[in-house]
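The lines below spell out each chain.
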Amino acid sequence: MIRLLHRWPGLAGLLLVALLAVSGAALSVFPVIEQFAAPRAAAGLSVGDLAARVQAEYPGVEQIRRAPSGRITAWWFEDGTPGAAVIDPATGQGVASADANPVERWLVNLHRQLFAGDTGRLVMAAGAGVMLLLCASGAALIARRMGGWRRWFGPARGGPAARLHVELARVAVAGLALSALTALWMTASTFGLLPDQARAPLFPATTSGQTGIAPNHIAALADLPVAALRDLSFPDPTDPADAFTLKTDRGAGYLDQGTGEVLAWTDAPALSRVTDTFTMLHTGRGAAVIGLVLGLMALSVPALAVSGFALWLAGWRARPRIRRNASAGRAETVIFVGSEAGSTWGFAATLHRALSEAGQSVHVAPMTAFDPACYRAAKRLLILAATYGDGMAPASAKGFIERLEHAPALSGVPVAVLGFGDHSFPAFCAFADEVAQLLTAKGWTELLPPDAVDRQSPQDFARWGCALGRTLGLELELVHQPAQPATEALTLVSRRDYGAEVQAPTAILRFALPRAGFWQRLMRRGFARFQAGDLLAVLPEGDAVPRLYSLASGSRDGFVEIVVRKQPGGLCSGQLVALEPGSTIRAFIRPNPGFHSGHGRAPLILIGAGTGIGPLAGMIRANRHARPVHLFFGLRARESDFLFAEELAGWQRDGRLARLTTATSRGPRPYYVQDALRHEAAEVLTMIRSGARIMVCGGRAMAEGVTAALTDILAPAGLTPAVLKAEGRYVEDVF
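An account of the accompanying structure is given in this report. (Residues numbered from 1 in each chain as written. Predicted model: local features only at pLDDT ≥ 70, side-chain atom pairs only at ≥ 80, totals over all residues. Heavy atoms only, no water.)

**Observations regarding the overall build of the protein**
No. 1: For the protein, the helix and strand inventory stands at 24 helices and 24 strands.
No. 2: Against the compact-globule benchmark of 27 Å for 735 residues, the protein has a radius of gyration of 35 Å, which places it well outside the compact range.
No. 3: Over its C-alpha atoms, taken along the principal directions, the protein stretches across nearly 115 × 70 × 55 Å.
No. 4: Taken over 735 residues, the protein has a buried fraction of 48%.
No. 5: Residue pairs at least 24 apart in sequence account for 70% of intrachain contacts in the protein once pairs closer than 6 positions are excluded.
No. 6: When the accessible surface of the protein is summed, it comes to about 34,500 Å², and 57% of that surface belongs to carbon and sulfur atoms.
No. 7: Side-chain charges of the protein comprise 70 positive and 60 negative groups, with the mean position of each set lying 8 Å from the other. (Helix = DSSP H or I, 4+ residues; strand = E, 2+ residues; numbered from the N terminus. Rg over C-alpha atoms; globule rule 2.2 N^0.38 Å. Buried < 20%, exposed > 50% of the residue type's maximum accessible area, 1.4 Å probe, protein only. Contact = heavy atoms within 4.5 Å. Areas by Shrake-Rupley, 256 points an atom, 1.4 Å probe, with all protein chains shown as cover. Lys, Arg positive; Asp, Glu negative; His and termini not counted. Charge placed at Lys NZ, Arg CZ, Asp CG, Glu CD.)

Structure (structure tokens):
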């Protein structure tokens, strides 16, 4: 529901909200100019003295008005001609024109009413209402995505558009909500919907009949500081029945023009102060700095609108149209899809096609359509469930858990659950796990053990497809090719070889950095901006499925570098290890924000083995501010595969690497990185207690050994690897 409240009002009011925000941001500049340009009244100056000075300069003065910014403006008649000027309170003389800047006037009319009077005001108020709704629903969605309000400023994950949307929103949402709320309040006040306007007292029936008292001799004006003045209207000196009209922050009333006596007075209602405060916050007049900050936050709205639209469009495009989808009542296999951005639908389409080609009748539906009473011919159910945010159900799976809890298990209809997620998220495939556990608890028969696909891996999906085919007695080959970004040609400029002595050919491959286009540089996408830990997706010859390699360099290094070990029977690794300088490959960048070293001065503990040293070496190379970095590096033998040996020595000399510990597994006494961690447990624990972040890259077995070692090391401090993972201080890139 919250997503619907955020998505559809956002799409419907996209242009109006953007217009409101941009015009408001432009208007926020004028109060700053006015505040610094207008002469300021000296502290202690009274309204009586100010009025006397202005009257001395302009005997025909009719009104003096003070703006919230402190600017004093006077209006008068002289020889039958009206005049107006900004007043210097020190002299009472006019120093600037009182006419509004034409650009500001045009913007005000656009921002408040679209040049359309009350109808325009109501339209703009509707825009403010949409913005307030987007702020509230957006804040709730960010909190869910980040895993709670306390993780509000945690690392944003996802693609460039998603990260941009989240990072801008969580900084600007408070200011945007305040601007929208104050705009709605001001609109309600303008249309008289709030009891916040002071009722002017009745004009006195009688006066003293005298005239001519000087303003500075009127006690009510002599005791009133200029800062409290709103406006003062002067009486007609030829009409003894006329009076001064005074409006202040406290209220409004009339003063006798002969004696200075207060003839009538009405205090302002308490709610008027709320309106005054909201007006000040919204317009910035009287609080120019706050107005400017809100204006800067408003500038984020166009980017939020574009990135939000891009997210919706990507999801809409990613959802395929299932051809020859069997009806629910006749299908032997029913596939349910829970997807947030639409990518899981692509896997469902691939599975549907493969099963259909194998002779099955298959029905694909969103998890929201789950209704066991409809599947009369079903022999199995397959559930493809993505996870949204911190273990939440994705958009097309809302209500599935509730329906499943109340549905009886279908006799003879087994179920398989395949989760889709990203290992860099703490709640990896949590929703799929919840579904699988509930199915078991409700007595459903298991067709296959629950499994998972990490970061849309075609290899993971194909592996699960093989298991499904064996269970069904079918030759099932799931070749899924998700929509990929356009590839670019990379030319190999150098290579360094290792591992020949231990029968594990390994190479550090360095490619020339492709020239980024204008749009890529502007959006900081692709090869225009990447860093060590991101992934290079390489398309091998003869195959359309990319293989992912962790980058050992960032775009600031001026080259693209990876570490590759030739895998037995590996198509891509074999082609890469065989490359010679001058050869080219096709590749693109896939961001991996969950495995970046981040900023700050807290120590960094890097743990890697074999080719896992690649991204860690890139992070050390980028450590130009000498952040304390301790590297644990596991290798087979120093003579054969001590990758980056020369660079590591140099980085130690120039302070980028504080300490290097190596562990060699070949020899009479094998020694692994987990052994090294235990040997230096005291130092490791000290760094963790001082806020160190741990990053692990390498094989799964190594990572499991490291986790076991850290479990023992952390125990005396009452910590666990799980706690550090939840805090974002323990991340892995495991293959």
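We are not done yet, so read on.
**Points about the packing of helix 22 (residues 681–689) against helix 23 (residues 700–714)**
No. 1: At a minimum axis distance of 10 Å, the contact between helix 22 and helix 23 shows a crossing angle of 75°. What the angle tells us is that helix 22 and helix 23 run roughly perpendicular. Contacts between helix 22 and helix 23 involve Ala681, Val684, Leu685 and Ile688 on the former and, on the latter, Leu710, Ile713 and Leu714.
No. 2: Of the residues in the contact of helix 22 with helix 23, the class split is 7 nonpolar, no polar and no charged. (Axes fitted to C-alpha atoms, helices over the stretch in contact; angles between N-to-C directions. Parallel < 35°, antiparallel > 145°, perpendicular 65-115°, else oblique. Nonpolar A, V, L, I, M, F, W, Y, C, P; charged D, E, K, R; others polar.)

**Details of the packing of helix 12 (residues 343–357) against helix 15 (residues 458–472)**
No. 1: Contact pair helix 12 / helix 15: the axes reach a minimum separation of 12 Å and the direction vectors enclose 35°. In this structure, helix 12 crosses over helix 15, and the sense of that crossing is right-handed. Side by side, helix 12 and helix 15 meet where Phe347, Thr350, Leu351 and Leu355 of the first sit next to Phe461, Trp464, Leu468 and Leu472 of the second.
No. 2: By residue class, the composition of the contact of helix 12 with helix 15 is 7 nonpolar, 1 polar and no charged. (Left-handed = near helix turned anticlockwise from the far one by under 90°.)

**As for the sheet that holds strand 21 (residues 629–635)**
No. 1: The 5 strands are arranged 22-21-20-23-24 in an open sheet whose pairing can be described as parallel. Edge positions in the open sheet fall to strand 22 (659–664) and strand 24 (730–734), since each of these has one partner strand only. Each adjacent strand pair in this sheet contributes to an overall mean axis angle of 10°, direction not counted.
No. 2: Pairing of strand 20 (residues 604–609) with strand 23 (residues 693–698) involves 5 bridges; the strand directions are parallel. Within strand 23, the residue paired with Leu606 across the bridge is Met695. (Pairing = 2+ DSSP bridges.)

**As for helix 4 (residues 47–57)**
Since the α-helix turns once every 3.6 residues, residues separated by three or four places project in the same direction.
No. 1: Burial in helix 4 covers these residues: Val47, Gly48, Leu50, Ala51 and Val54. In a view along the axis of helix 4, the buried residues occupy a sector of 160°, so they form one face of it.
No. 2: Against strand 1 (61–66), strand 2 (72–78), strand 3 (81–87), helix 8 (219–222) and strand 5 (229–233) lie the buried residues of helix 4. (Arc of directions from axis to C-beta.)

**Let's talk about a nonpolar patch on the surface**
No. 1: Nonpolar side chains collect at one region of the surface, where Val29, Ile33, Leu292, Leu296 and Leu299 lie side by side and expose about 440 Å² of accessible area between them.
No. 2: Contributing elements (two or more residues each) for the nonpolar patch: helix 3 (29–37) and helix 10 (288–298).
No. 3: For Leu296, the position within the fold is in helix 10.
No. 4: Since its relative accessible area comes to 57%, Leu296 is described here as exposed. (Patch = residues over 30% accessible without salt bridge, like charges linked within 9 Å, V, L, I, M, F, W, Y side chains within 5 Å. Salt bridge = Lys/Arg side-chain N within 4 Å of Asp/Glu carboxyl O.)

**Some remarks on the packing of aromatic side chains**
No. 1: Per the stated rule, a full pass over the model turns up 17 aromatic pairs.
No. 2: Ring geometry for Trp8 and Trp312: centres 6.4 Å apart, planes at 75°, overall edge-to-face. With Trp8 in helix 1 (residues 2–12) and Trp312 in helix 11 (residues 300–318), the pair connects residues that are 304 residues apart, well separated along the chain.
No. 3: Given the relative accessible area of 25%, Trp312 is considered partly exposed. (Phe/Tyr/Trp six-rings, centres within 6.5 Å; stacked < 30°, edge-to-face > 60°.)

**Remarks on the pattern of salt bridges**
No. 1: If you walk through the whole model with that rule in mind, you get 16 salt bridges.
No. 2: In this structure, Arg463 and Asp460 form a salt bridge, with 3.7 Å as the shortest nitrogen-oxygen distance. Remark: Asp460 and Arg463 occur in helix 15; sequence separation between them is 3 residues, near one turn of the helix.
No. 3: In this structure, a network of salt bridges that share partners links the residues Arg510, Asp557, Glu561, Arg621 and Arg624.

**Remarks on the side chain of Ser179**
No. 1: The residue Ser179 is located in helix 7 (residues 160–190) in this model.
No. 2: Setting aside residues up to four positions removed in sequence, Ser179 forms contacts with His282 and Leu294.

**As for the pairing of strand 9 (residues 333–338)**
No. 1: Where burial is concerned, most of strand 9 is hidden: 6 out of the 6 residues are buried.
No. 2: Where strand 9 meets strand 10 (residues 362–366), 5 bridges bridge the pair, whose relative direction is parallel. If you follow Val334 over to strand 10, its bridge partner there is His363.
No. 3: Pairing of strand 9 with strand 11 (residues 380–386), which is carried by 6 bridges, proceeds in the parallel orientation. In the sheet register, Val337 faces strand 11, and the bridge partner there is Leu384.

**Overview of the environment of Glu57**
No. 1: Among the structural elements, Glu57 can be located in helix 4.
No. 2: According to the relative accessible area criterion, Glu57 is partly exposed, its value standing at 38%.
No. 3: Considered as a pair, Glu57 and Gln93 are 36 residues apart in the sequence and their alpha carbons are 6.2 Å apart.

**Digging into the nonpolar core**
Here is a general trend for soluble globular proteins: nonpolar side chains tend to be buried in one another's company.
No. 1: Membership of the largest hydrophobic core comes to 32 residues, with the highest contact counts inside it found for Phe336, Met367, Phe370, Leu381, Ile383 and Val435.
No. 2: Secondary structure elements with two or more residues in this core: strand 9, strand 11, helix 13 (400–406), strand 12 (415–421) and helix 14 (430–441).
No. 3: Looking at this core element by element, the count peaks at 6 residues for helix 14.
No. 4: Judged by nonpolar contacts, the second largest core, of 26 residues, contains Leu616, Leu643, Trp651 and Cys697. (Core = buried A, V, L, I, M, F, W, Y, C linked by side-chain atoms within 4.5 Å.)

**Quick notes on the pairing of strand 3**
No. 1: Pairing geometry for strand 2 and strand 3, over 7 bridges, is antiparallel. Pairing of Trp75 across the sheet is with Ala84, part of strand 3.
No. 2: Connecting strand 2 to the next strand, strand 3, in antiparallel fashion are 2 residues, including Asp79 with a positive phi near 55°.
No. 3: Relative to strand 4 (residues 94–97), strand 3 is paired through 3 bridges, and the arrangement is antiparallel. The residue of strand 4 that forms the bridge with Ile87 is Gly94.
No. 4: Where strand 3 folds back onto strand 4 in an antiparallel hairpin, the turn is made up of 6 residues, including Gly92, whose phi is positive at roughly 80°.

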